[in-house]
Amino acid sequence: MRAHLRSPRFPSAKSLVVVALASVAGACGDGATPASRGSSCTDTGSACTLGTAGTEAGLFLGSTSEGAGWTREPVGRLVRTHFNSVTSQNELKWGSLVREPGVYDFTRADETVAWAEANGLRMRGHVLFWHRLNALPPWFRGEIDAAADPEAKLRELMREHVQTVVPRYKGRIHTWDVVNEPLALLSDQIDPESVFFQVFDDYGEFLHLAFTLAREADPDAKLFLNEIFPSMNETSFDGLYRLVREMLERGTPIDGVGFQGHFLLGKPDRATLTERLQAFAELGLLVEITELDVSINLFSAEPDPVAAQADVFRDVYAACAAVDGCIGVTTWNSNDGDTWLDVDSIFGGAAPHTPTLFDADLQPKPAYAAARDAVVASID
Ligand code: G3I
């Protein structure tokens, strides 16, 4: 069985990050790169940003766009100052792009991609295929159910979607989440609520088609499968690992695995997280922490919850820095005033979660220095 699995393809995944960041910085309009926005992190005593530390360590350290677009300063300034990468939070979801069947509105997606490019940030595209919440257009299920051959109709819609979206951003979106959250929550089984699971005879064939279409549309983009709880739930990790091995055995063109990292039901242990990231790196894949937030409510019994939260951020950035195949960490929302947990989630009743690196006044929290120092400590 192992003979089918690839050994790591790259001598150093982190050197790929350095090359990618140099290329986006070259395209950057004002000549200011994330690495030049803070002092070098290796000068003892100098102030450096998380983004600068990331660039020097070979890591994409990012945050999300804020959905309302990048005109809303000063959040835009916060992100371009402190990070070297950005992920579209909602703008590239199928349900955000397509109101009527076949009618795409790229206004907000274009704005986000152009903003990332103008500021020399690596862009993560999120997400081509996700079945939960309102990530799919409202008409989607009806179109499929009305078709004489639902699987053929779904294949046609998938092809049209990828071929419309991915080439538009070819060479500009460095990394795509191709499929998001295949597993049922806290389970090792494919989510039975997934329309893709329900319609395809073989879910592996759905994954294969999704990744193959994306590869054809932009051969240079890094293609990721993204899952919510593998960092802190063993069952989720086991299910994801099995699924990814099956994809590799089938020859599905996957480049990487995203561990989202929404820590509100539990927190990861640094050693376990490092091992789990390493396990995928040993399959020859890239890994990333793609959606990190750490609810302060996890620490309500601690004497100093803010310090305890900072410890978890330190552990996550240190774990990624320790694994060569791990290419980055992205926080889900840049600041506590914008966290999805308080406004867009079923966990709103437990607000405020204050789960990010910056408070609602956009000031860095202890977690920020903890994360940055963990990255600086990893720089050769
Ligand atoms: O834009 C509309 C606005 O016009 C309307 O007035 C308002 C009324 O509620 O809703 C607004 O849309 C909301 C949108 O976020 C923008 O704020 C949607 O209702 C809301 O469902 C949507 O939530 C997003 C959620 O995914 C579902 O797509 C969150 O912002 C986003 O942070 C969250 O992100 C997901 C990742 O994609 C996948 N992993 C889990 C993560 C957290 O759920």
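Description of the structure in this document. This is a predicted model, so every value here is computed, not measured.

**Considering unusual backbone geometry**
(1) Moving on: In this structure, Val127 follows His126 across a cis peptide bond, with omega equal to 10°.
(2) Moving on: With respect to the helices and strands, Val127 occurs in strand β5 (residues 122–129).
(3) Moving on: For the bond from Ala351 to Pro352, the omega torsion is 0°, close enough to zero to count as cis.
(4) Moving on: Tracing the sequence through the fold places Pro352 in the loop between α13 (340–343) and α14 (366–376).
(5) Moving on: Backbone geometry places Asn333, a non-glycine residue, at a positive phi of 85°.
(6) Moving on: Along the chain, Asn333 falls in the loop between β11 (326–331) and α13.
(7) Moving on: Judged by its relative accessible area of 0%, Asn333 falls in the buried class.
(8) Moving on: The residue Leu362 is not glycine, and still its phi comes out positive at about 70°.
(9) Moving on: As for its position among the elements, Leu362 is in the loop between α13 and α14.

**A closer look at the layout of surface pockets**
(1) Moving on: Reported here for the largest pocket is a volume of approximately 870 Å³.
(2) Moving on: Surrounding the largest pocket, 34 residues form its lining, Lys93, Trp130, Leu133, Trp340 and Asp344 being those nearest its centre.
(3) Moving on: For the lining of the largest pocket, the elements supplying multiple residues, two or more each, are α4 (94–97) and α5 (107–118).
(4) Moving on: A per-element tally of the lining of the largest pocket places α4 first, with three residues.
(5) Moving on: Its residues placed into classes, the lining of the largest pocket shows 15 nonpolar, 10 polar and nine charged.
(6) Moving on: Estimated volume of the second largest pocket: approximately 400 Å³.
(7) Moving on: Lining the second largest pocket are 24 residues, and of these Ala20, Ser23, Val24, Gly171 and His174 lie nearest its centre.
(8) Moving on: Looking at the lining of the second largest pocket element by element, the count peaks at seven residues for helix α1 (residues 13–27).

**Describing a nonpolar patch on the surface**
(1) Moving on: Taken together, the side chains of Leu185, Leu186 and Leu265 make up a nonpolar region of the molecular surface, amounting to roughly 280 Å² of accessible area.
(2) Moving on: Structurally, the position occupied by Leu186 is in the loop between β6 (175–180) and α8 (195–199).

**Topic: the nonpolar core**
(1) Moving on: Grouped together as the largest cluster of nonpolar side chains are 108 residues, with contacts concentrated most on Phe129, Trp176 and Tyr317.
(2) Moving on: When residues of this core are assigned to their parent elements, the largest contribution, 10 residues, is made by helix α12 (residues 305–322).
(3) Moving on: Ignoring anything within four residues of it in the chain, the contact list for Tyr317 reads Leu50, Leu61, Leu292, Val329, Thr331, Leu357, Ala371, Ala374 and Val375.

**Digging into the site of the ligand**
(1) Moving on: By nearness alone, 15 residues border the ligand, and Gln89, Lys93, His126, Glu291 and Asp344 come closest of all.
(2) Moving on: In the environment of the ligand, a nitrogen atom lies 2.7 Å from a nitrogen or oxygen atom belonging to the side chain of Glu291.
(3) Moving on: Between the ligand and the protein, one listed contact pairs an oxygen atom with a side-chain N or O atom of Trp332 at 2.9 Å.
(4) Moving on: In isolation the ligand exposes 790 Å². Once the protein is present, 59% of that is buried.
(5) Moving on: Judged by its atoms lying within 2 Å of the grid points, the ligand is housed in the largest pocket.

Thresholds, definitions, all that
Residues numbered from 1 in each chain as written. Predicted model: local features only at pLDDT ≥ 70, side-chain atom pairs only at ≥ 80, totals over all residues. Heavy atoms only, no water. Helix = DSSP H or I, 4+ residues; strand = E, 2+ residues; numbered from the N terminus. Buried < 20%, exposed > 50% of the residue type's maximum accessible area, 1.4 Å probe, protein only. 1 Å grid on protein atoms, 1.4 Å probe; cavity = no way out; pocket = protein on both sides within 12 Å on 5 of 7 lines; lining within 4 Å. Points joined across faces, edges and corners; volume = space filled by probe spheres on them. Nonpolar A, V, L, I, M, F, W, Y, C, P; charged D, E, K, R; others polar. Patch = residues over 30% accessible without salt bridge, like charges linked within 9 Å, V, L, I, M, F, W, Y side chains within 5 Å. Areas by Shrake-Rupley, 256 points an atom, 1.4 Å probe, with all protein chains shown as cover. Salt bridge = Lys/Arg side-chain N within 4 Å of Asp/Glu carboxyl O. Core = buried A, V, L, I, M, F, W, Y, C linked by side-chain atoms within 4.5 Å. Contact = heavy atoms within 4.5 Å. Near = heavy atom within 4 Å. Polar contact = N/O pair within 3.5 Å; in protein donor to acceptor, adjacent residues only side chain to side chain. Sits in = over half its atoms within 2 Å of the grid points.

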